[in-house]
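Residue-level structure breakdown
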Amino acid sequence: MILLNPKQPTRKYPDARSRDIMLKTIDFFERKGKAHIKEDDRNRTWYADLLEFQKCEKLFATLLTPTGYGDADARWDTWRNIEFNEILAFYGLAYWYTWQVSILGLGPIWQSANESLKQKAAQLLRDGEVFAFGLSERKHGADVYATEMSLTPLPDGTYRANGEKYYIGNGNIAPMVSTFGKMANTGEYVFFAADYRNRNFDLIQNVCNSQSYVANFALRDYPITEADILSKGQAAWDAALNTVNIGKYNLGWASIGICTHAFYEAINHAANRKLYGMLVTDFPHAKQMFTDAYARLVAMKLFALRAADYMRTASAQDRRYLLFNPMVKMKVTTQGEEVINLLWDVIAARGFEKDTYFEMAARDIRALPKLEGTVHVNLALILKFMPNYFFFPAEYPEIPLCDFARNDDFLFDQGPAKGLGKIQFHDYNLAYDAYETPNLAVFREQIAMFRDFLAMATPDEAQQKDTDFLLALGEMFALVVYGQLILENVKHCDVDADTLDQIFDFIVRDFSKFALQLYSKPSSTSEQMDFCLKMIRKPMVDAARYDRVWKNSVYALNGAYEMNP
């Protein structure tokens, strides 16, 4: 089964230590139980128990220390990190969050040329500490161009840091806060390490009402020496963007973890509740919502897994991951919202009840599309790749399933964060021509019409500056990329033909929805509107296929998992 089931873990691991980490983490949460997790959530209780557990088991030290800086089993291995992402979010977003912001905080450190700070970070990981990423500011969010944090050089060769940071997870306890700013005298970008324990570190407040501590802090004449500098100039700028490249990918896995737990809880409730003399799951609309939610959730996981293969094989010559990473952040997280909406429409008032995991899921799933750059920012980013994707393919060796044990060196040596428009991709038709299902055939026709739209009704200069117009265009492009990686992963995940066709059933519908949106834009031309009408298609109806997916895959999850009370 492709979905995580903590009671029946079936994932392959390349080594015993990796399996031990996942099983012990599952056991920690199952022993804690849902009632205790819910109590901590209601009371906004700081997750000291999780942090103590990870410290004792050296979880972050093993998972987040690159080879050569930690113990023999320590490595930065995306394959095993994604499951740890999924497990933490499966039990609660707050647990995932402290891990995620540690990843972000470590990004500029492991990319730095400052060897002593790397060794310091490795020791702090062994000591069980967490990390923080001091990038965002209250006035500017993640607009790194406008950062007001400044580093002023002094005559003795030292510096004084002044400025505020906002939305900084773990800012209350991180002994190394990777802090982004500018040199006061030159405007040059700089990353330096700050320590929350320094008396010039002013911890102002937790800006969120949650278990997590999302800090607003200020540095007030904070003393910095050259030994505290991680990077300067272009290297600092690249470290900021390349760290986000690493971290934004994890957001999709948080959505997958949340949706999976919520799905189990929803199907268990609906399949065992009678209304008007019928089980809820006997109502046709409930079946449709569950089946749609299941297909979308499986697609989320197929895409995110395949994107990891491109991250793990990336190089200076192959940067295709820079399209697929923001897709995981943007597309997978918004699909997560859709999954929760579908499930919630079935279980209705039950989704508000204080004893359910779902009540947390419905609240927390909204956060993920809005972190590490909004959906709109990431849609604008992926549009840079669209011309080369459709019209200028290149040849690459086939990317294998990358489930092996290996340190992902390139993530901390990504090079300059520029040149996105020059990145080429392999021919997407290789994936689309490898399988035949009725709805896949319909979607291929939609893709062909979309490509013709781009070639023959090309958006003019004004439309290319119209963000509202471009967002609809970006959603359509995103679905083409989404379908491609899903298809590439079918052979690795043993997805049956029925489930695959059910996935492309919703992709056809979604593509038609965005085509209608593009048709309706104020600036769309008559020629563009004609193309849009041709892209609006109805999925192929197959009652027998739909029934098989419902019985064999969706309803079969009734009772498959329920968290310990």
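Further up the page is the structure itself.
What comes next is a walk through the structure. The structure presented is a predicted model; accordingly, all values stated were derived computationally and were not measured.

1. Some details on helix H19 (residues 543-554)
Residues Arg545, Val549, Trp550, Ser553 and Val554 constitute the buried set of H19. Considered in projection along H19, the buried side chains sweep an arc of 135° and stay on one side of the axis. Opposite the buried face of H19, at more than 90 degrees from it, the exposed residues are Ala543, Lys551 and Asn552. Buried residues belonging to H19 abut helix H8 (233-270), helix H9 (284-312), helix H15 (438-456) and helix H17 (497-520).

2. What about the pattern of salt bridges?
Per the counting criterion, the structure on display carries 42 salt bridges. Notably, a salt bridge pairs Asp309 with Arg306, separated by 2.9 Å at the nearest N-O pair. Here Asp309 and its partner Arg306 are both found in helix H9, three residues apart, which amounts to about one turn of the helix. A residue is classified by how much of its surface remains accessible, and Asp309, at 0% relative accessible area, is buried. Look at the salt bridges and you will find they share partners, linking Asp15, Arg75, Asp77, Arg312 and Asp408 into a network.

3. A few points about unusual backbone geometry
Negative phi values dominate among residues other than glycine, just as trans dominates among peptide bonds. If you check the backbone angles, Tyr167 has positive phi at about 65° while not being a glycine. Assignment of secondary structure puts Tyr167 in strand S3 (residues 159-169). Of note in this structure, Ala348 is not a glycine but carries a positive phi near 50°. Looking at the element boundaries, Ala348 is found in the loop between helix H10 (321-347) and helix H11 (357-364). Judged by its relative accessible area of 39%, Ala348 is partly exposed.

4. A short note on the pairing of strand S2 (residues 150-153)
Pairing of S2 with S3, which is carried by four bridges, proceeds in the antiparallel orientation. The partner of Ser150 across the bridge, within S3, is Asn162. Where S2 folds back on S3, the antiparallel hairpin that results is connected by five residues, among which Gly157 adopts a positive phi of roughly 90°.

5. Remarks on the packing of H8 against H11
Across the interface, H8 lies against H11 with an axial gap of 9 Å and an inter-helix angle of 145°. In this structure, H8 crosses over H11, and the sense of that crossing is left-handed. For the pair H8 and H11, contact is made by Gly257, Ile258, His261, Ala262 and Glu265 and by Tyr357, Phe358, Ala361 and Asp364, respectively. Here the contact of H8 with H11 is built from residues that sort into five nonpolar, two polar and two charged.

Analysis parameters
- Residues numbered from 1 in each chain as written.
- Predicted model: local features only at pLDDT ≥ 70, side-chain atom pairs only at ≥ 80, totals over all residues.
- Heavy atoms only, no water.
- Buried < 20%, exposed > 50% of the residue type's maximum accessible area, 1.4 Å probe, protein only.
- Helix = DSSP H or I, 4+ residues; strand = E, 2+ residues; numbered from the N terminus.
- Arc of directions from axis to C-beta.
- Contact = heavy atoms within 4.5 Å.
- Salt bridge = Lys/Arg side-chain N within 4 Å of Asp/Glu carboxyl O.
- Pairing = 2+ DSSP bridges.
- Axes fitted to C-alpha atoms, helices over the stretch in contact; angles between N-to-C directions.
- Left-handed = near helix turned anticlockwise from the far one by under 90°.
- Nonpolar A, V, L, I, M, F, W, Y, C, P; charged D, E, K, R; others polar.

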